[in-house]
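Topology and contacts: notes
In case you want the letters, here they are:
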Amino acid sequence: DAKTTQPNSMESNEEEPVHLPCNHSTISGTDYIHWYRQLPSQGPEYVIHGLTSNVNNRMASLAIAEDRKSSTLILHRATLRDAAVYYCSSYGGATNKLIFGTGTLLAVQP
Amino acid sequence: DGGITQSPKYLFRKEGQNVTLSCEQNLNHDAMYWYRQDPGQGLRLIYYSQIVNDFQKGDIAEGYSVSREKKESFPLTVTSAQKNPTAFYLCASSIDGGTNTEAFFGQGTRLTVV
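Notes on the structure follow. Once a new chain begins, its residue numbering starts again from 1 and follows that chain's sequence as written. In the order they appear in the text, chains get letters beginning with A and ligands get numbers beginning with 1. The model is predicted, so local features are restricted to residues of pLDDT at least 70 and side-chain atom pairs to those at 80 or more, both for listing and for counting; the totals for chains, interfaces and linings are taken over all residues. Excluded from the side-chain calculations are hydrogens and water; all other atoms, namely the structure's heavy atoms, are used.

Description of the sheet that holds strand β5 (residues 55-56) of chain A
What counts, and what does not: When DSSP locates at least two bridges between a pair of strands, those strands are taken to pair. Strands here mean DSSP runs of E at least two residues long; helices mean DSSP runs of H or I at least four residues long; both are numbered from the N terminus.
Pairing is antiparallel across the open sheet formed by 4 strands, whose spatial order is β2-β7-β6-β5 (chain A). Strands with a single pairing partner mark the edges of an open sheet, and in this sheet they are β2 (18-23) and β5 of chain A.

Notes on the interface of chain B and chain A
Basically, it comes down to this: By definition, residues are in contact when any of their heavy atoms lie within 4.5 Å. Two parts placed together each lose some accessible area; with a 1.4 Å probe, that loss summed over both constitutes the buried area. Basic side-chain nitrogens of Lys or Arg form a salt bridge, by our definition, when they fall within 4 Å of a carboxyl oxygen of Asp or Glu. Pairs of N or O atoms are called polar contacts if they sit within 3.5 Å, as long as, within protein, a hydrogen donor faces a hydrogen acceptor (for residues adjacent in sequence, only side-chain-to-side-chain pairs). Here the nonpolar group is Ala, Val, Leu, Ile, Met, Phe, Trp, Tyr, Cys and Pro; Asp, Glu, Lys and Arg are the charged ones; every other residue, Gly included, is treated as polar.
At the interface, 24 residues of chain B touch 23 residues of chain A. Counting the surface lost from both chain B and chain A, the interface buries some 1900 Å², and carbon and sulfur atoms represent 49% of this. In this structure, Lys97 of chain A engages Asp59 of chain B in a salt bridge whose closest nitrogen and oxygen atoms are separated by 3.1 Å. Seen at the junction of chain B and chain A, the total is 9 residue pairs in polar contact (both at pLDDT 80 or more). The set of elements that each furnish at least two residues to the side of chain B that touches chain A consists of β4 (31-37), β5 (43-51) and β9 (87-94) of chain B. Of all the elements, β5 of chain B adds the most residues to the side of chain B that touches chain A, at 4 residues. Its residues assigned to classes, the side of chain B that touches chain A shows 9 nonpolar, 12 polar and 3 charged.

Right, here's the structure in full:
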């Protein structure tokens, strides 16, 4: 199964960009990289996913390294509502198991 | 509204009792998942199902059982064999379990065994 590694925590100031890294060196060539975020005592919500090219949506951007061994979730202007645990995840190749890393707790300072 | 409903939100049980957590979705999704989350920890996969009447063990299946008799329902039973059942349980679904599909999560059930 693909394993993802993320920093335990990061801090940002409001209105500034945030770059959340994830290492996934064992991911298979056809597995998409997914990002979810979770507020306390709630279920995770989908943020973005991609395969090889960089991806943008209304919530964030996803930059994927050329060798696909790492990716970075980019929040262009952090707000207080972006404070959450961010999970990098992937489906485990042929097994289709959706596997999550340990997540990064993002704190946003006003 | 379409979505995933987990019930109840909070559940208390005595040690040694089996307990069943409900997960229902009206998204017409084929794939469904159960995760366990402990305080300050990530999500660990218990069981998953890609189609009705079929399911596979995840990474921590011991002490748990599931059924998938209907497309919209994927109940999880926490048995007395589960040594540390107190945790936050999350159910999710995706349209077909394929790698290019996003997962939708319920709001979770917090189980406390006393």
